[in-house]
Amino acid sequence: MKFLITDLLELPGEIAEVYRAVTPQDKVCCCTGCFGCWVKTPGKCVIPDGGECVGIGLSHCNELLLISRCCYGSVSPFVKAVLDRAISYLHPDFVIRDGEMHHKRRYQNRLTVSAYFYGENITEAEKETARGLIAANAVNYDGTVGEIRFFESAEGLEKVIL
């Protein structure tokens, strides 16, 4: 299964058949940093707003795809809020990977993290920052980096991802 996090309001029906999607219509709140997803309800966020199962949803996937407006080389605030809520995908214990400390994987699956950024006049510096961000997220999830692409607008993106 594939998991999609996007700030786009409208998704064609075909995407829903291929991806489990979280969109702004889900009205996911920001993480409060309470760590309830680690100690009270392992793997599941304690905030009951539709975003509580993001971590568990990732556990059933082999690909995480982000479609986001490029905001200064990062994802949009909504996509960032959902990614923050995905911390329950990880275990609170630490491991050393490639000489760096990271959280252990809670689940057995391995994610490939891909991203399609859109926005007018994305600079080369922003693209470089975005590539680094996606690579860092992949390392944090103990996964791999997939495709990272940049587009002038969100129009027609569904044709690219299907």
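Now for a description of the structure that goes with this document. (Residues numbered from 1 in each chain as written. Predicted model: local features only at pLDDT ≥ 70, side-chain atom pairs only at ≥ 80, totals over all residues. Heavy atoms only, no water.)

### Description of the overall build of the protein
Argument step 1. Counting its regular elements, the protein contains six helices and seven strands.
Argument step 2. Counting helices and strands in the order they occur from the N terminus, the protein gives β-α-β-α-α-β-α-β-β-β-α-β-α.
Argument step 3. The principal-axis extent of the C-alpha atoms belonging to the protein is close to 40 × 35 × 25 Å.
Argument step 4. A total of 162 residues make up the protein; the buried ones form 46% of that total.
Argument step 5. Sequence-distant contacts, at least 24 apart, represent 65% of the contacts inside the protein between residues at least 6 apart.
Argument step 6. On the protein, roughly 8400 Å² of surface is accessible, and the fraction owed to carbon and sulfur atoms is 54%.
Argument step 7. Separation between the mean location of the 17 positive side-chain charges and that of the 21 negative ones in the protein comes to 7 Å. (Helix = DSSP H or I, 4+ residues; strand = E, 2+ residues; numbered from the N terminus. Buried < 20%, exposed > 50% of the residue type's maximum accessible area, 1.4 Å probe, protein only. Contact = heavy atoms within 4.5 Å. Areas by Shrake-Rupley, 256 points an atom, 1.4 Å probe, with all protein chains shown as cover. Lys, Arg positive; Asp, Glu negative; His and termini not counted. Charge placed at Lys NZ, Arg CZ, Asp CG, Glu CD.)

### Some words on the nonpolar core
Argument step 1. Phe3, Ile5, Leu64, Leu66, Leu83, Phe117 and Tyr141 are the most contacted members of the largest nonpolar core, which has 29 residues in total.
Argument step 2. Going through the elements one at a time, strand S1 (2–6), helix H3 (54–59), strand S3 (63–69), helix H4 (77–85), strand S6 (112–118) and helix H5 (124–140) are the ones with two or more residues in this core.
Argument step 3. Sort the elements by how many residues they give to this core and H4 lands first, with four residues.
Argument step 4. In terms of nonpolar packing, the next biggest core, distinct from the first, is built from eleven residues, Ile15, Tyr19, Ile67 and Ile161 among them. (Core = buried A, V, L, I, M, F, W, Y, C linked by side-chain atoms within 4.5 Å.)

### Brief notes about the pairing of strand S4 (residues 90–97)
Regular strands place side chains that alternate from one sheet face to the opposite one.
Argument step 1. One ladder, built from five bridges, connects S4 with strand S5 (residues 100–105); its direction is antiparallel. The residue bridging Phe94 from the neighbouring strand is His103, located in S5.
Argument step 2. Hairpin connection from S4 to S5: two residues lie between these consecutive antiparallel strands, with Asp98 at a positive phi of about 55 degrees. (Pairing = 2+ DSSP bridges.)

### Some details on the state of the cysteines
Argument step 1. This model, assessed by the stated rule, comprises zero disulfides.
Argument step 2. Looking at Cys37, it has no disulfide partner, and the nearest cysteine sulfur is the one in Cys45, 6.0 Å off.
Argument step 3. Of all cysteine sulfurs in the structure, the one in Cys71 sits closest to Cys70, which takes part in no disulfide; the separation is 6.9 Å.
Argument step 4. For Cys70, a relative accessible area of 12% gives the class buried. (Disulfide = S-S within 2.5 Å.)

### Re the sheet that holds S1
Argument step 1. The sheet built from five strands is open, its strands ordered S2-S1-S3-S6-S7 with parallel pairing. Each edge of the open sheet carries a strand with a single partner, namely strand S2 (19–22) and strand S7 (144–151). Ignoring strand direction, the axes of neighbouring strands in this sheet form an average angle of 15 degrees.
Argument step 2. Two elements, S1 and S3, share five bridges in a ladder whose sense is parallel. Its bridge partner lying in S3, Ile5 is registered against Leu66.
Argument step 3. Packed on one face of the sheet, H4 meets S1, S2 and S3 and runs near 150 degrees to S3. (Axes fitted to C-alpha atoms, helices over the stretch in contact; angles between N-to-C directions.)

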